[in-house]
Amino acid sequence: AANNSAVTFTVNAIIYPTANTLNFRWQRAANSSSVFVDLTNTGTFTNTTTATLNIANNTIAAGGGGLSNSIFRCTMSGPSISANVVTANATLTTV
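Peer 1: So what's going on with the overall build of the protein chain? Residues and values would help.
Peer 2: Per the secondary structure count, the protein chain includes zero helices and eight strands. Seen in sequence order, the protein chain has helices and strands lined up from the N terminus as β-β-β-β-β-β-β-β. Every one of the 95 residues in the protein chain was classed for burial, and the buried ones make up 32%.

Peer 1: Let's hear about the sheet that holds strand E5 (residues 52-58): which residues, and what values?
Peer 2: Here we have three strands laid out as an open sheet, ordered E1-E5-E4, and antiparallel in their pairing. Taken across any chain shown, the strands that pair with only one partner, and hence form the sheet edges, are strand E1 (5-10) and strand E4 (45-46). As paired strands, E4 and E5 are joined by two bridges and run antiparallel to one another. Bridge assignment links Phe 45 to a residue of E5, and that residue is Ile 55.

Peer 1: Lay out the nonpolar core in plain terms, naming residues and giving numbers.
Peer 2: Membership of the largest hydrophobic core comes to 16 residues, with the highest contact counts inside it found for Phe 9, Trp 26, Phe 45, Leu 53, Ile 55, Phe 72 and Leu 92. Secondary structure elements with two or more residues in this core: E1, strand E2 (23-29), E5 and strand E6 (71-77). Among the elements that line this core, the one with the most residues is E6, at three residues.

Peer 1: Give a detailed account of unusual backbone geometry, specifying residues and quantitative values.
Peer 2: Positive phi is not limited to glycine here, since Asn 47 has a value of about 60 degrees. Turning to its location among the elements, Asn 47 is positioned in the loop between E4 and E5. Residue classification places Asn 47 among the partly exposed residues on the basis of a relative accessible area of 33%. Phi is positive for Asn 69, close to 75 degrees, though the residue is something other than glycine. With respect to the helices and strands, the residue Asn 69 is situated in the loop between E5 and E6.

Parameters and conventions
The written sequence of each chain sets the order in which its residues are numbered from 1. Restriction of local features to residues with pLDDT of at least 70 applies here, the model being predicted, together with a cutoff of 80 or more for giving and counting side-chain atom pairs; totals for whole chains, interfaces and linings are based on all residues. Only hydrogens and water are set aside; all other atoms, that is, all heavy atoms of the structure, feed into the side-chain values. A run of H or I in DSSP counts as a helix once it spans at least four residues, and a run of E counts as a strand once it spans at least two, with each numbered from the N terminus. Using a 1.4 Å probe on the protein chains alone, a residue whose accessible area is under 20% of its type maximum counts as buried, one over 50% counts as exposed, and one in between counts as partly exposed. When DSSP locates at least two bridges between a pair of strands, those strands are taken to pair. In these notes, a set of buried Ala, Val, Leu, Ile, Met, Phe, Trp, Tyr and Cys residues joined through side-chain atoms within 4.5 Å is what counts as a nonpolar core.

See below:
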């Protein structure tokens with residue numbers, strides 16, 4: 001993604017029976033050596049508990065403070081799911 005641009009990650013999932021609610025929780029690891037942390041709705045991240053995560057300002061920051069090379073994933077849970085389902089990791093590369 002371009003420096004200082006907005007980024008969106010979306011997961012497509014269906015729960016059966018469809019009357020049940022699917023719960024989403026987006027997580028971020030700063031790099032491949034970091035643990036995943038639940039995201040909250042802040043100035044940078046919105047829709048952290050929906051199927052679409054919005055990132056308002058993707059940056060390359062000096063000193064490693066930017067989002068480039070961050071790894072994102074989404075965990076999903078619901079009444080008919082015995083354990084959380086986790087998406088594949090997605091790495092954000094800022095150029």
